[in-house]
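# Notes for the structure review
What follows is each chain in one-letter form.
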Amino acid sequence: SIEKEYQSSFVKSLRKVGPSLCLATRIGPMHTAAAYTNLTSLLLEKRQSLVGKSILLFSYGSGAASTMYRLKARGLPVTNWDKHAELDGRTYHSAAAFDALSERYASTWGKFGWTAAVEDEQPGGAYYLTECDTLGRRAYRLVKHPDMHLQGPLSIAIEDSRLSKEERALTKEG
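Residues numbered from 1 in each chain as written. Predicted model: local features only at pLDDT ≥ 70, side-chain atom pairs only at ≥ 80, totals over all residues. Heavy atoms only, no water.

A count of helical and extended segments in the chain gives 6 helices and 5 strands. For the chain, the N- to C-terminal ordering of α and β elements is α-α-α-β-β-α-α-β-β-β-α. Contacts in the chain between residues at least 24 apart in sequence constitute 25% of all its contacts with a sequence separation of at least 6. With the model as given, the accessible surface of the chain reaches about 13,700 Å², and the carbon-plus-sulfur share is 56%. (Helix = DSSP H or I, 4+ residues; strand = E, 2+ residues; numbered from the N terminus. Contact = heavy atoms within 4.5 Å. Areas by Shrake-Rupley, 256 points an atom, 1.4 Å probe, with all protein chains shown as cover.)

Laid out in structure tokens, this is it:
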């Protein structure tokens, strides 16, 4: 019957793509990050069995900018393999706190010349945005983690030759 065929197809599909959805089911909608989060999930779930195999990655990108590429797994990345425990350790906030955080985010969206206001301690092992200067250049701060070996600080500079005379004057003021 059609229903049995559908169920059989669904089960086969779930066996193939299910491992790539483990993180997404715990995180929720991600849009832009979905393809890479699903790749991470696949690596976490299948690990060594992926080495030597090809992985097809497709990002829909709203249709106009979709991308598909094939990756060859030559080895495994160095990572914290227990992402589920990491997600379970997240800090939960009330709806009011989330609204306030969203408001702060919206107040800096597309704007230059601001410094990040951080109220809570940030987890180690990552770079965090600290400021966006008047030209839109961003500065980051490394929060170290005892088990990770990241290099820092990270700062992306724009060469002066690309800047107009007015922009160069602004960088000297700041």
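The next thing to look at is the sheet that holds strand E4 (residues 126-132). Strand order across the open sheet formed by 3 strands is E3-E4-E5, with antiparallel pairing between neighbours. Strand pairing shows two members of the sheet lacking a second neighbour, strand E3 (114-115) and strand E5 (138-143), which therefore form its edges. (Pairing = 2+ DSSP bridges.)

Attention now goes to the layout of surface pockets. The computed volume of the largest pocket comes to approximately 2,100 Å³. Lining the largest pocket are 50 residues, and of these Leu101, Glu121, Gln122, Pro123 and Tyr128 sit closest to its centre. Breaking the lining of the largest pocket down by element, the ones donating at least two residues are helix H2 (22-27), helix H4 (83-88), helix H5 (95-108), E3 and E4. At 9 residues, H5 tops the list of elements feeding residues into the lining of the largest pocket. In this structure, the second largest pocket encloses a volume near 540 Å³. For the lining of the second largest pocket, the secondary structure elements donating two or more residues are helix H1 (2-17), helix H3 (34-46), strand E1 (54-59) and strand E2 (67-72). (1 Å grid on protein atoms, 1.4 Å probe; cavity = no way out; pocket = protein on both sides within 12 Å on 5 of 7 lines; lining within 4 Å. Points joined across faces, edges and corners; volume = space filled by probe spheres on them.)

Turning next to the pattern of salt bridges. Scanning the model with the defined rule gives 2 salt bridges in all. For Lys83, the salt bridge is made with Glu86, and the minimal N-O distance between the two is 3.6 Å. Here Lys83 pairs with Glu86, and both are found in helix H4, just 3 residues apart, close to one helical turn. Overall, the relative accessible area of 19% leaves Lys83 in the buried class. Given a relative accessible area of 44%, Glu86 falls into the partly exposed group. Two residues, Asp133 and Arg137, come together in a salt bridge whose shortest N-O distance is 2.8 Å. (Salt bridge = Lys/Arg side-chain N within 4 Å of Asp/Glu carboxyl O. Buried < 20%, exposed > 50% of the residue type's maximum accessible area, 1.4 Å probe, protein only.)

Attention shifts here to the nonpolar core. Counting 8 residues, the largest nonpolar core is built from Ala35, Leu39, Leu42, Leu43, Leu50, Ile55, Leu57 and Ala73. Of the residues forming this core, the biggest block, 4 residues, is contributed by H3. In this view, Leu43 contacts Leu50, Pro77 and Trp81; residues no more than four positions away in its chain are not counted. (Core = buried A, V, L, I, M, F, W, Y, C linked by side-chain atoms within 4.5 Å.)

Turning our eyes to something else, we now look at the environment of Gly124. Relative to the helices and strands, Gly124 resides in the loop between E3 and E4. The exposure class assigned to Gly124 is partly exposed, which follows from its relative accessible area of 29%. Along the chain, Gly124 and Val143 lie 19 residues apart, while their C-alpha atoms are 4.8 Å from each other. Contacts of Gly124, omitting those with residues within four sequence positions, involve Val143, Lys144 and His145.

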